[in-house]
Structure formats: structure tokens, C-alpha cells
Amino acid sequence: MNYLNTTNSNTVFKDIILLLVRVFIGFAMLSHGFPKLQMLLEGGKIEFFDFLGLGPTISLTLTVFAEFVCSILLILGLFTRVALGFLIFTMIIAGFVVHGADPFEKREMSLIYLSVYLLLITFGPGNISVDYMIEKRKRASDW
């Protein structure tokens, strides 16, 4: 029963949990990014929040890159921390700028995503990731 309050962690268990969280949160964000990708590809008039003053088309393109492309990278565990940087920035804009004046219920989802992304950027992708395989191969070739 002493294992319940220990700070030691089982590395394999931690890696499996990191994989599950990466895959789940990545696919969940894809469900937000895919409709935006479709909006971008339709070619009609784009009405989207212009958060950088670059115009709604560029803002939508950057959001699609974060929510769609970076989510795929997150799922794979490839360039994970770079992808998380874009996702974190996007969720900060969504939670505090786009929905900044809205009630908490409207901001809640972006803040939950932000929280999970902050945890993932802190702990990294884990050993079940493409990043880990690349690093492992790089270390082996250095010998």
C-alpha cells in the first residue's frame, strides 16, 4: 500500500500514459482543426478572428496549421515540443483573446487543451514516440 503515495514512477507506465494522452488530445484537436481546414479549402469568403492583424485568411491558415498539422505531429510524437508550442499559442489566443470576454463555459475547452499541452511540453512525448526513436538512433550513431 506504500506505493500509493510514492513520488517514484514506473517508466513504462508513464510512457504508456503519455502516449495515450498524446493520441487522445491530438485526435480531439483534429476534430476542431478539420472543419477549419475545410473552410480554408472551400475558397469562399473567410470570416475568422484576425488575431495578429494579418487578415482572416492568414489567421485561419495559422490556426489550421496548429490545430490540424501540429495535432498530427503530436499524435506521432514527432517534433512534439515544437508542435506543442504552436498549439499552446493557439489555445492562449482562443482562451484569453477570442473568448476573453465570454463566460467561462465558452473558454473552458481551450483552457483544458492548454493545460494538457502544458503538461505534455513539460514531460515530453515519452519513449513511445518518433522523437524518442530519432534521439535513440542519434545516440547510437555517436558511439
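Only a predicted model underlies this, so the values are computations on that prediction, with no experimental measurement involved. (Residues numbered from 1 in each chain as written. Predicted model: local features only at pLDDT ≥ 70, side-chain atom pairs only at ≥ 80, totals over all residues. Heavy atoms only, no water.)

Turning our attention to the overall build of the protein chain. A count of helical and extended segments in the protein chain gives five helices and zero strands. Mapped from its N terminus to its C terminus, the protein chain presents α and β elements in the order α-α-α-α-α. The buried share among the 143 residues of the protein chain stands at 33%. Within the protein chain, contacts between residues separated by at least 24 positions form 63% of all contacts whose residues are at least 6 apart in sequence. (Helix = DSSP H or I, 4+ residues; strand = E, 2+ residues; numbered from the N terminus. Buried < 20%, exposed > 50% of the residue type's maximum accessible area, 1.4 Å probe, protein only. Contact = heavy atoms within 4.5 Å.)

On the surface, Val-12, Phe-13, Ile-16, Ile-17, Leu-20, Val-21 and Ile-128 cluster together to form a nonpolar patch covering roughly 600 Å² of accessible area. Inspection of the secondary structure assignment puts Val-12 in helix α1 (residues 11-42). For Val-12, a relative accessible area of 56% puts it in the exposed group. (Patch = residues over 30% accessible without salt bridge, like charges linked within 9 Å, V, L, I, M, F, W, Y side chains within 5 Å. Areas by Shrake-Rupley, 256 points an atom, 1.4 Å probe, with all protein chains shown as cover. Salt bridge = Lys/Arg side-chain N within 4 Å of Asp/Glu carboxyl O.)

Within this numbering scheme, the UniProt entry marks residues 12-31, 51-75, 82-99 and 111-134 as carrying the feature "transmembrane region" (unreviewed entry). Between the end C-alpha atoms of residues 12-31 the distance is 29 Å, and the span holds 100% helix and 0% strand. Here residues 111-134 runs as 75% helix and 0% strand, with 31 Å between its end C-alpha atoms. (UniProt positions renumbered as here; feature names shortened; annotations may be inferred.)

Each full turn of the α-helix corresponds to 3.6 residues, which orients residues three or four apart in the same direction. Between its first and last C-alpha, helix α2 (residues 56-76) extends 29 Å over 21 residues, near the 30 Å set by a 1.5 Å rise per residue. The largest bend in α2 is about 30 degrees, located at Cys-70. Those residues of α2 not exposed but buried are Ser-59, Leu-60, Thr-63, Val-64, Ala-66, Glu-67, Cys-70, Ser-71, Leu-73, Leu-74 and Ile-75. Looking at the packing, one finds that the buried side of α2 touches α1, α3 (80-98) and α4 (104-123). Gly-77 sits one or two positions beyond α2 and adopts a positive phi of about 75 degrees. (Expected span 1.5 Å × (residues − 1). Bend = angle between axes of the 7 residues up to and from the residue.)

Take the nonpolar core next. Within the largest apolar cluster, 20 residues are counted, with the highest numbers of intra-cluster contacts made by Ile-25, Leu-74, Leu-87, Tyr-113, Tyr-117 and Leu-120. Secondary structure elements with two or more residues in this core: α1, α2, α3 and α4. Here this core gets six residues from one element, more than from any other, and that element is α4. Among all residues touching Leu-74, those that are not within four sequence positions of it are Arg-22, Ile-25, Gly-26, Thr-80, Leu-84, Leu-87, Tyr-117 and Leu-120. (Core = buried A, V, L, I, M, F, W, Y, C linked by side-chain atoms within 4.5 Å.)

With that settled, the discussion passes to the side chain of Arg-22. Turning to its location among the elements, Arg-22 is positioned in helix α1. Among buried Asp, Glu, Lys and Arg side chains, Arg-22 stands out as unpaired, with Asp-131 the closest opposite charge at 7.3 Å. From its side chain, Arg-22 meets the backbone oxygen of Leu-74 in a polar contact 2.9 Å long. In terms of polar contacts, Arg-22 uses its side chain to reach the backbone carbonyl oxygen of Pro-125, at 2.7 Å. (Lys, Arg positive; Asp, Glu negative; His and termini not counted. Polar contact = N/O pair within 3.5 Å; in protein donor to acceptor, adjacent residues only side chain to side chain.)

Where α2 meets α3, the axes come as close as 9 Å, and the angle between the chain directions of the two elements is 145 degrees. Where α2 crosses over α3, the handedness of that crossing is left-handed. For the pair α2 and α3, contact is made by Thr-63, Phe-65, Ala-66, Glu-67, Cys-70, Ser-71, Leu-73 and Leu-74 and by Thr-80, Ala-83, Leu-84, Phe-86, Leu-87, Thr-90 and Met-91, respectively. Grouping the amino acids of the contact of α2 with α3 by side-chain chemistry returns 10 nonpolar, four polar and one charged. (Axes fitted to C-alpha atoms, helices over the stretch in contact; angles between N-to-C directions. Left-handed = near helix turned anticlockwise from the far one by under 90°. Nonpolar A, V, L, I, M, F, W, Y, C, P; charged D, E, K, R; others polar.)

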